[in-house]
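Observations on the model geometry
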Amino acid sequence: MSGDPRTTVLGILRMAEEPVTAAQVAQQLGVHVTTARFHLRNLVDDGKAASVVLRSESAGRPRTGYVAVNELAVDNLLSILLGHLGGSPEEREQTGVLAGRQWAAKVLAGTAPADPAMFPDPATVTADALRALGFKVSNVLSAFGTHEITMCSCPLRQVGTSHPEIARGIARGAVEYAIESSSPALAGQYGVHVIPAPDGDCEITLRLARSAAFN
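Residues numbered from 1 in each chain as written. Predicted model: local features only at pLDDT ≥ 70, side-chain atom pairs only at ≥ 80, totals over all residues. Heavy atoms only, no water.

Topic: the environment of Thr-64
Our working rule: Helix and strand assignments follow DSSP, with helices taken as H or I runs no shorter than four residues and strands as E runs no shorter than two, numbered in order from the N terminus. Contacts are residue-level and defined by heavy atoms, with any inter-residue pair within 4.5 Å sufficient.
Following the sequence through the fold, Thr-64 ends up in strand E2 (residues 63-68). As a C-alpha pair, Thr-64 and Leu-54 span 10 residues in sequence and 5.7 Å in three-dimensional space. When sequence neighbours within four positions are dropped, the list of residues in contact with Thr-64 reads Val-20, Thr-21, Ser-51, Val-52 and Leu-54.

This is the structure in structure tokens:
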């Protein structure tokens, strides 16, 4: 299976006139059914496909079929609108930061701040906030006062496809707000640096370090 496997599997679903099972996808691609099921579930998680229960052809557990989710033909329009958020990538990223802060303020509005006398762990605060915003946190690593949180860009994937600078800004602004609002002891103490995956995958790493460490 050459190219992006998820794109290939999604193409099969779009061409099909009825729900497709993992076994059928595996047969078409010449891969193991477990591999086909893995890509199908990723498409469901991405919102590009949906699973449906199929009537069993014999006694036993019902089968699961997959269908492509119809996407609104507004991708180009969205890209154009995002492009008007600033005259340069830097301006658009800063606009994204402001939007990210407002987004986090709405979603995290009911979160009670920590005791002012406490100094909460910034990595825990960040990971909890990201999960509340719909991100999938896959790894948290802390060493020597620096914290790295690896996550999937799921909620920002459509924005990041055409304007990654805006997606980076939104992620940074949201985390900055979460840290500042969690405790007065953390406000202004950490800088947030967004590191997208070098291969263009959906993975993003957020690095939190004491503000003095950022020159």
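Following the structure, the description resumes.
Some remarks on the packing of helix H6 (residues 122-132) against helix H8 (residues 164-182)
Stated formally: Axis definition: a line fit to C-alpha positions, over the contact stretch in the case of helices; interaxial angles, taken between N-to-C directions, run 0 to 180 degrees. Reported orientations rely on four angle classes, namely roughly parallel under 35 degrees, roughly antiparallel over 145, roughly perpendicular from 65 to 115, and oblique for the rest. Left-handed describes a crossing whose near helix is turned anticlockwise from the far helix through less than a right angle; right-handed describes the clockwise counterpart. Residue type decides the class: Asp, Glu, Lys and Arg count as charged, Ala, Val, Leu, Ile, Met, Phe, Trp, Tyr, Cys and Pro as nonpolar, and the leftover types, Gly among them, as polar.
Their axes nearest at 9 Å, the elements H6 and H8 cross at an angle of 125 degrees. Viewed along their axes, H6 and H8 adopt a mutual orientation that is oblique. The chirality of how H6 crosses H8 is right-handed. From H6, Val-125, Thr-126, Ala-129 and Leu-130 reach across to H8, where they touch Val-175, Ala-178, Ile-179 and Ser-182. Here the contact of H6 with H8 is built from residues that sort into 6 nonpolar, 2 polar and no charged.

Quick look at the pattern of salt bridges
Quick note on the threshold: Here a salt bridge means any side-chain nitrogen of Lys or Arg lying within 4 Å of a carboxyl oxygen belonging to Asp or Glu. Only protein chains enter the area calculation, which uses a 1.4 Å probe; residues under 20% of their type maximum are buried, those over 50% are exposed, and those in between are partly exposed.
Scanning all chains against the criterion turns up 9 salt bridges. A salt bridge links Lys-136 to Asp-45, with the nearest nitrogen and oxygen atoms 3.3 Å apart. Pair noted here: Lys-136 is in strand E3 (residues 136-143) and Asp-45 is in helix H3 (residues 33-45), with a separation of 91 residues, a long-range link. Classification of Asp-45 as partly exposed rests on a relative accessible area of 45%. A salt bridge links Arg-172 to Glu-93; the shortest N-O distance between them is 3.9 Å. Here Arg-172 is found in helix H8, whereas its partner Glu-93 is found in helix H5 (residues 89-107), with 79 residues between them in sequence. Overall, Arg-172 belongs to the buried group, its relative accessible area being 19%. In the salt-bridge network here, residues are joined through shared partners; they are Glu-93, Arg-101, Arg-168, Arg-172, Glu-176 and Glu-180.

Brief notes about the sheet that holds strand E6 (residues 203-210)
This is how the line gets drawn: At least two DSSP bridges between two strands are needed for those strands to be called paired.
What the 4 strands build is an open sheet, ordered E3-E4-E6-E5; its pairing is antiparallel. Of all strands in the sheet, those bounded by a partner on one side alone are E3 and strand E5 (190-196). Strand-to-strand twist in this sheet, taken as the mean axis angle between neighbours without regard to direction, amounts to 20 degrees. As paired strands, strand E4 (residues 146-152) and E6 are joined by 6 bridges and run antiparallel to one another. Looking across to E6, one finds that Ile-149 is bridged to Leu-206.

Brief notes about helix H2 (residues 22-29)
This is how it is decided: The arc in question is formed by the directions pointing from the helix axis toward the C-beta atoms.
When H2 is considered as a whole, its buried residues turn out to be Ala-22, Val-25, Ala-26 and Leu-29. Buried residues in H2, looked at end-on, bunch into an arc of 100 degrees, giving them a common side. Opposite its buried face, H2 presents the exposed residues Gln-27 and Gln-28, each directed more than 90 degrees away. Looking at the packing, one finds that the buried side of H2 touches helix H1 (5-15), H3 and E2.

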